[in-house]
Amino acid sequence: MTHKHILIVEDEQKIAALLKEYLEKAGYRATIAGRGDQAVAQVRKSSPALMLLDIMLPGMDGIAVCREVRKVSNLPIIMTTAKVEEIDRLLGLEIGADDYICKPFSPREVVARVKAVLRRSNPETVEKNLALGPIALDENTHLALVSGQTLDLTPSEFSLLQVLISQPGRVFSRDELLARVQGYDCEGYDRTIDSHIKNLRKKLADHLPGQEIITTVYGIGYKLSCTLQ
Ligand code: CA
């Protein structure tokens, strides 16, 4: 059995050591980088299966690391932040992370998220290609097309659209979407989904102006229009 390599980028040694211990107990191989600039070098050198990335780091901050890494790799990235409010800002920046975890976190929660994100990025477990009206999703390449034109989506937006398009017209609650898209959420933080939906709507509207594609169902959640032309 091969042990998937998780790169922990964290300058607080205690947290890093604890994460390493739990990830190894869960059957992963874990290494630690204590500086942002080291992390970029390590990704190039060892191509980890997933990166846990702290934001406040010496050398280079997590946001810059994420951007640098995205130039050379599409490995799953989970960002950790001390501030719940910061997640909104990060989502807005569209730096291409796959999930966000708030500190303080339990190592157990982190392991669960790592598993969820890896499961999502494993092509064996994803659903078939999906299409509705002008929208088509290709699971293998993670490409979304609208009328044949590429839609530039983050991994989370892609997953969200994938869930919605799998059952057009069905209302999905925020919790449900979070569970499908992110595995877990920071406690009480269901605005994550609202931000993703907002970005997704904006991108869809660029290609399909004037059409209501994702509908808000007040007090419940969201659904995809089943009458897309
Ligand atoms: Ca830090």
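Residues numbered from 1 in each chain as written. Predicted model: local features only at pLDDT ≥ 70, side-chain atom pairs only at ≥ 80, totals over all residues. Heavy atoms only, no water.

**Q** Would you mind going over the coordination of the calcium ion with me for this structure?
**A** Ideal geometry at a metal centre: 109.5 degrees between donors when four sit tetrahedrally, and 90 or 180 degrees when six sit octahedrally. Protein coordination at the calcium ion comes from D11 (OD), D54 (OD) and M56 (O), with a distance range of 2.1 to 2.4 Å. Of note, the calcium ion draws all its donor residues from one chain, in the sequence arrangement D-x42-D-x1-M. With a gap of 45 residues between them, D11 in the loop between β1 (5-9) and α1 (13-25) and M56 in the loop between β3 (50-54) and α3 (62-72) connect regions that are remote in the sequence. (Donors = N, O, S within 2.8 Å, 3.2 Å for Na, K, Ca; no water. Helix = DSSP H or I, 4+ residues; strand = E, 2+ residues; numbered from the N terminus.)

**Q** Quick question: what am I supposed to make of the nonpolar core here?
**A** As a rule of thumb, soluble globular proteins bury nonpolar side chains together. Formed by 27 residues in total, the largest nonpolar core has its most connected members in I135, L161, L177, L204, I214 and L224. For this core, the secondary-structure elements that each account for two or more residues are β6 (130-132), β7 (135-138), β8 (143-146), α6 (155-166), α7 (174-182), α8 (191-207) and β12 (221-224). It is α6 that contributes the most residues to this core, six residues altogether. Once you skip the residues sitting within four places of it in the chain, L204 turns out to touch I135, V146, L151, L161, I213 and I214. Core analysis: the second largest hydrophobic core is formed by 24 residues, A39, I55, L91 and C102 among them. (Core = buried A, V, L, I, M, F, W, Y, C linked by side-chain atoms within 4.5 Å. Buried < 20%, exposed > 50% of the residue type's maximum accessible area, 1.4 Å probe, protein only. Contact = heavy atoms within 4.5 Å.)

**Q** Can you walk me through the pattern of salt bridges in this structure?
**A** Two side chains with opposite charge may pair up if their charged atoms get near one another. Applying the stated criterion across every chain, the model contains 13 salt bridges. Among the salt bridges present, the one from D99 reaches R113, with a minimum N-O distance of 3.0 Å. Residue D99 is found in strand β5 (residues 99-102), and its partner R113 is found in helix α5 (residues 107-121); the two are separated by 14 residues along the sequence. Taken as a pair, D99 and R113 share a single burial class, namely buried. The salt bridge involving R170 is made with E176; its shortest N-O contact spans 2.0 Å. Connected through salt bridges with shared partners, the residues E10, E12, D54 and K103 form a single ionic network. (Salt bridge = Lys/Arg side-chain N within 4 Å of Asp/Glu carboxyl O.)

**Q** Looking at this model, I keep getting lost on the domain arrangement of the chain. Mind explaining?
**A** As a measure of interface size, the accessible area lost when the parts come together is often cited. The domain boundaries assigned to the chain delineate domain 1 (5-125) and domain 2 (129-224). Relative to domain 2, the C-alpha centre of domain 1 lies at a distance of 24 Å. Across the contact, 17 residues belong to domain 1 and 19 residues belong to domain 2. When domain 1 packs against domain 2, close to 1500 Å² is buried across both sides, 53% of that on carbon and sulfur atoms. It is L91, E94 and R120 in domain 1 that bury the most area against domain 2; as a group they hold 35% of the surface buried on that side. In this structure, the connection of domain 1 to domain 2 is made through one residue pair in polar contact (both at pLDDT 80 or more). Residue assignment for the side of domain 1 that touches domain 2 shows that the elements contributing at least two residues are α4 (84-93), β5 and α5. Top contributing element to the side of domain 1 that touches domain 2 by residue count: α5, with five residues. The residue inventory of the side of domain 1 that touches domain 2, partitioned by class, reads nine nonpolar, one polar and seven charged. (Domains from an automatic or database assignment. Buried area = accessible area lost by both parts, 1.4 Å probe. Polar contact = N/O pair within 3.5 Å; in protein donor to acceptor, adjacent residues only side chain to side chain. Nonpolar A, V, L, I, M, F, W, Y, C, P; charged D, E, K, R; others polar.)

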